[in-house]
Amino acid sequence: RLLGAERHVVAPEAGTTRDAVDSPLRYEQTSLNFIDTAGLRKRSKVDDEIEFYSTIRTQRAIERADVCVLVVDAAAGMHAQDFKIGQAAWDRGAGLIVAVNKWDLVAEKDANTAARGQKELADRIPLLTMVPFLYVSALSGQRVRRLLDGIVEVQQRRERRIATAEVNRVLRELVSRHEPPPSRGAEVKLLYGTQVGTSPPTIAIVTNRPDGVDDTYRRYLENGFRHRWDLEGAPLRLRFRKKRGRT
């Protein structure tokens, strides 16, 4: 199941779609189901009953989706509400792709225009360093096939299984490069890890002090794992568990 954040085209005006519309599609050897939704608006903008219920349906579509394709207008750029939609999907464990639509209408662009814009966004919103950007045109079909490939790839990353030996090899490398800082004067030891779930990949790390692993070090481990295993577009969950007995 996949969430397509592009609005259903039934009128030129934005926000026309009210209900989430399911559209099954067979692509290569994969069965996809696109859920076309209304865009979410700020609470202060929800001024009628129809808009209120379309917002609820969009939130429910996010809960159903395995991969969220967040479609933003190339000219308008990404707004705070766009990011909130993507963050909501990411926090729930869905994969995320940013599709920049109407790229063919952007004037005076060069080979580095996309990279510059993406870096500016990532500097403001760190989550966007973890997701792929695709520059497409729904009107002309430019790179739409690449978008379908990207959806399949992100879902495969969500379902990826990593052998326990590989988890521990990478964990040892990361710890040897940068040991966890002490917690309240006590040493924090990361003993071993194993994958305990998929969709998204979830790694359990056994430690003497689960509460002693601070957010900065957690992000360091997550970034190290993500880079090694190419998890672009897929969330990664880390769980720290207490070792039984003496450490």
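An account of the accompanying structure is given in this report. Predicted, not measured: the structure shown is a model, and the values here were computed from it.

### Topic: the sheet that holds strand E7 (residues 190-197)
In space, the three strands of this open sheet follow the order E7-E8-E9, with mixed pairing throughout. Edge positions in the open sheet fall to E7 and strand E9 (237-242), since each of these has one partner strand only. Averaged over all pairs of adjacent strands, the angle between their axes in this sheet comes to 25°, without regard to strand direction. When strand E8 (residues 202-207) meets E9, the two strands line up parallel, connected through six bridges. Paired with Ile-203 across the two strands is Leu-238, which belongs to E9. Across the sheet, helix H5 (residues 164-177) is in contact with E7 and E8; its angle to E7 comes to roughly 140°.

### Describing the packing of H5 against helix H6 (residues 215-229)
Two numbers describe how H5 lies on H6: the axes approach to 10 Å, and their chain directions differ by 130°. Considering their axes alone, H5 and H6 lie oblique with respect to each other. The two elements H5 and H6 meet at a crossing, and its hand is right-handed. Contacts between H5 and H6 involve Glu-166, Val-167, Arg-169, Val-170, Leu-171, Glu-173, Leu-174, Val-175 and Arg-177 from the former and Tyr-217, Tyr-220, Leu-221, Gly-224, Phe-225, Arg-228 and Trp-229 from the latter. A class-by-class count of the residues in the contact of H5 with H6 yields ten nonpolar, one polar and five charged.

### Examining the nonpolar core
If you look at the biggest cluster of nonpolar residues, it comprises 23 residues, and the most contacted ones within it are Met-78, Leu-96, Val-98, Val-100, Leu-128, Val-131 and Phe-133. For this core, the elements supplying multiple residues, two or more each, are strand E4 (67-73), helix H2 (80-92), strand E5 (95-101), helix H3 (113-124) and strand E6 (133-135). Excluding residues within four positions of it along the chain, Val-98 makes contact with Leu-70, Val-72, Met-78, Leu-128, Val-131, Pro-132, Phe-133 and Leu-134. Counting residues in hydrophobic clusters, the runner-up holds 19 residues, among them Val-175, Val-188, Phe-225 and Trp-229.

### A closer look at H2
Its 13 residues give H2 an end-to-end C-alpha distance of 18 Å, which sits within 8% of 18 Å, the value for a rise of 1.5 Å per residue. Burial in H2 covers these residues: Gln-81, Asp-82, Ile-85, Gly-86, Ala-89 and Trp-90. Gly-93 sits one or two positions beyond H2 and adopts a positive phi of about 105°.

### Describing the packing of aromatic side chains
For the structure shown, the criterion picks out three aromatic pairs. With a centroid separation of 5.3 Å and 45° between ring planes, the pair formed by Tyr-217 and Tyr-220 is classed as tilted. Of this pair, Tyr-217 and Tyr-220 both sit in helix H6, three residues apart, which is roughly one turn of the helix. The buried category is assigned to Tyr-217, whose relative accessible area is 2%. For the ring pair Phe-225 and Trp-229, a centre distance of 4.8 Å and an interplane angle of 5° mean the geometry is stacked. With Phe-225 and Trp-229 both in helix H6 and four residues apart, this pair spans about one turn of that helix. Under the relative-accessibility criterion, Trp-229 is labelled buried at 1%. When the ring centre of Trp-103 is taken as origin, the NZ or CZ atom of Lys-109, which lies over that ring, is 5.6 Å away.

The rules behind these values
Residues numbered from 1 in each chain as written. Predicted model: local features only at pLDDT ≥ 70, side-chain atom pairs only at ≥ 80, totals over all residues. Heavy atoms only, no water. Pairing = 2+ DSSP bridges. Helix = DSSP H or I, 4+ residues; strand = E, 2+ residues; numbered from the N terminus. Axes fitted to C-alpha atoms, helices over the stretch in contact; angles between N-to-C directions. Contact = heavy atoms within 4.5 Å. Parallel < 35°, antiparallel > 145°, perpendicular 65-115°, else oblique. Left-handed = near helix turned anticlockwise from the far one by under 90°. Nonpolar A, V, L, I, M, F, W, Y, C, P; charged D, E, K, R; others polar. Core = buried A, V, L, I, M, F, W, Y, C linked by side-chain atoms within 4.5 Å. Buried < 20%, exposed > 50% of the residue type's maximum accessible area, 1.4 Å probe, protein only. Expected span 1.5 Å × (residues − 1). Phe/Tyr/Trp six-rings, centres within 6.5 Å; stacked < 30°, edge-to-face > 60°. Lys NZ or Arg CZ within 6 Å of the ring centre and 35° of its normal.

Remember that the coordinates give geometry; whether it matters functionally is a separate question.
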